[in-house]
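Structural overview for review
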Amino acid sequence: TSLPQTSSIQPLSEAGPVKLACATPGLLSSLHWVDDHDANQPLQSDEVEIDTQAVGVNFRDVQIALGQDLEASFGHECAGVVAQAGELSGFYPGDRVLVFGPGRFKTRVRARKHFVHRIQDSLPLDHAAGVPATFGVMWHILAEIGRLRSNQSILIHSATGGMGQAAIQIAQYIGAEVYTTVSTREKKQCLVEEYGIAPDHIFYSRDPSFARSVMKATNTRGVDVAICYSGGEIQQASWECLSPYGSLIQVGNSADAVALRARPGRQASFVQFDSLRWMSDRPHDARESIDTVLSLMAEYRLRMQTPCSAKDA
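What this report covers is the structure whose coordinates are included nearby.

Calculation rules
Residues numbered from 1 in each chain as written. Predicted model: local features only at pLDDT ≥ 70, side-chain atom pairs only at ≥ 80, totals over all residues. Heavy atoms only, no water. Patch = residues over 30% accessible without salt bridge, like charges linked within 9 Å, V, L, I, M, F, W, Y side chains within 5 Å. Areas by Shrake-Rupley, 256 points an atom, 1.4 Å probe, with all protein chains shown as cover. Salt bridge = Lys/Arg side-chain N within 4 Å of Asp/Glu carboxyl O. Helix = DSSP H or I, 4+ residues; strand = E, 2+ residues; numbered from the N terminus. Pairing = 2+ DSSP bridges. Axes fitted to C-alpha atoms, helices over the stretch in contact; angles between N-to-C directions. Contact = heavy atoms within 4.5 Å. Buried < 20%, exposed > 50% of the residue type's maximum accessible area, 1.4 Å probe, protein only. Parallel < 35°, antiparallel > 145°, perpendicular 65-115°, else oblique. Nonpolar A, V, L, I, M, F, W, Y, C, P; charged D, E, K, R; others polar. Phe/Tyr/Trp six-rings, centres within 6.5 Å; stacked < 30°, edge-to-face > 60°. Left-handed = near helix turned anticlockwise from the far one by under 90°. Expected span 1.5 Å × (residues − 1). Arc of directions from axis to C-beta.

1. Some thoughts on a nonpolar patch on the surface
A contiguous nonpolar surface patch, about 440 Å² in accessible area, is contributed by Leu28, Leu31, Phe59, Val62 and Leu66. Here Leu66 shows up in the loop between helix H1 (59-65) and strand S4 (77-85).

2. Side note on the sheet that holds strand S11 (residues 223-228)
One open sheet accounts for six strands, arranged S10-S9-S8-S11-S12-S13; its pairing is parallel. Only two strands of the sheet have a single partner each, and these edge strands are strand S10 (202-204) and strand S13 (268-273). Adjacent strand axes in the sheet meet at a mean angle of 15°, parallel and antiparallel pairs treated alike. As paired strands, S11 and strand S12 (residues 242-251) are joined by five bridges and run parallel to one another. When the bridges of S12 are listed, Val225 appears paired with Ser247. Seen against the sheet, helix H3 (residues 132-145) touches strand S8 (153-156), S11, S12 and S13 and runs at an angle of roughly 155° to S13. Relative to S10, helix H6 (residues 210-217) is tilted by about 160°, and along the sheet it contacts S8, strand S9 (177-182), S10 and S11.

3. Side note on the pattern of salt bridges
All chains considered together, the criterion is met by eleven salt bridges. Two residues, Glu49 and Arg110, come together in a salt bridge whose shortest N-O distance is 2.8 Å. Residue Glu49 is found in strand S3 (residues 47-55), and its partner Arg110 is found in strand S6 (residues 108-112); the two are separated by 61 residues along the sequence. The same class applies to Glu49 and to Arg110, which are both buried.

4. Topic: the packing of H3 against helix H9 (residues 283-298)
Where H3 contacts H9, the axes come no closer than 8 Å and their chain directions differ by 105°. The angle between H3 and H9 places the two elements in the roughly perpendicular class. Of the residues in H9, those in contact with Pro132, Phe135, Gly136, Trp139 and His140 of H3 are Ser289, Ile290, Thr292, Val293, Leu296 and Met297. Taken together, the residues of the contact of H3 with H9 break down into seven nonpolar, four polar and no charged.

5. A word on the sheet that holds strand S7 (residues 116-118)
Taken together, the five strands give an open sheet; going across it, the order is S6-S3-S4-S5-S7, and neighbouring strands pair in antiparallel fashion. For this open sheet the edge positions go to S6 and S7, each flanked by a neighbour on one side alone. Adjacent strand axes in the sheet meet at a mean angle of 45° when their direction is disregarded. Sheet topology note: the S3/S4 ladder contains seven bridges and is antiparallel. Following the sheet pairing, Val55 is matched in S4 by Cys78.

6. Section: the packing of aromatic side chains
If you walk through the whole model with that rule in mind, you get five aromatic pairs. Ring centres of Phe273 and Trp278 lie 5.7 Å apart, and the angle between their planes is 55°; on these two criteria the pair is classed as tilted.

7. Description of unusual backbone geometry
One non-glycine residue, Tyr245, adopts positive backbone phi at about 65°. In this structure, Tyr245 sits in strand S12. Residue Tyr245 is classed as exposed on the basis of its relative accessible area of 65%.

8. Topic: the packing of H3 against helix H4 (residues 162-174)
Two numbers describe how H3 lies on H4: the axes approach to 9 Å, and their chain directions differ by 50°. Considered as vectors, H3 and H4 are oriented oblique to each other. As for the relative orientation of H3 and H4, their crossing is right-handed in sense. Along its contact with H3, which presents Ala133, Thr134, Phe135, Val137, Met138, Trp139 and Leu142, the element H4 presents Gly162, Met163, Ala166, Ala167, Gln169, Ile170, Ala171 and Tyr173. Within the contact of H3 with H4, the residues separate by chemical class into twelve nonpolar, three polar and no charged.

9. Some remarks on H4
With 13 residues, H4 should cover 18 Å at 1.5 Å per step; its first-to-last C-alpha distance of 19 Å lies within 8% of that length. H4 sits mainly inside the fold: ten of its 13 residues count as buried. By the burial criterion, the buried members of H4 are Met163, Gly164, Gln165, Ala166, Ala167, Ile168, Gln169, Ile170, Ala171 and Ile174. Where H4 is buried, its residues contact H3, S8, S9, helix H5 (185-195) and S12. Count one or two residues on from H4 and you reach Gly175, which has phi positive near 105°.

10. Quick look at H5
Counting along an α-helix, one turn takes 3.6 residues, and residues three or four places apart therefore face a common direction. Of all the positions in H5, only Lys187, Cys190, Leu191 and Tyr195 are classed as buried. End-on, the buried residues of H5 take up no more than an arc of 95°, which puts them together on one face. Of the exposed residues in H5, the ones pointing more than 90 degrees away from its buried face are Arg185 and Glu193. Against the buried residues of H5 lie H4, S9 and S10. Downstream of H5 by a residue or two, Gly196 has a phi angle that is positive, lying close to 65°.

Set out below in structure tokens:
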């Protein structure tokens, strides 16, 4: 027989190795900490254990908490200080690092060396924790999948979100012309003030009418790359405003993705990209992207996102 589970309230610093869990998916009040038994296992020679100082929280974590994603686990990026390091890991106790991959919402995180990246002293740990799933992912999407170039244009949906702002900065660094969608006037003003995007390049995302505005703004040519997070009519409208040989990149595991209606003779491509699976399946590629954006941050060519707090209008 096993003893029944008990709960208690105590400072997190005194709780030992714990991880975030959800007793009832969809019920946010059921979020709680549970013992992390993985921390009691022997450390492998290529593993690193870190004392977690910050965890990045993004929309995928919200989906997990709401019961919309039952396959993934909380936390896909974090940062902290190495507490233990295997002899083949290449890291040492005291190293400041970020870690990416599934299941990182823990007070003590263990990961194989491929999922760990040393960070520069000038980057705060709370900033580093938000780099992999936004800037690292977006660099791969724009530079490797979309092949965005300086003479091209891009449409970025949900532009004030973490991934949206990362996409704006990377696209501006590349030199592409940026068009965006937002849901409120306040968010539009945020993009104008923070990123210098012209007001006539910012459209509203509440319905598919943005596609007509994009085509008008581009003299009916359309955009070379479109970044979309949802399916349904928004996805179809994004597809319709692509330029010849353009690319629509659907980010995430949207359950409402649809079969796109293509015009005869249309030359365009569609990519479904699950960023979390990519980080897990191809950590070497993820490390390369993260290394690139960290270097650009060190050169002050990229910066952490600006909070855009706005109520729906």
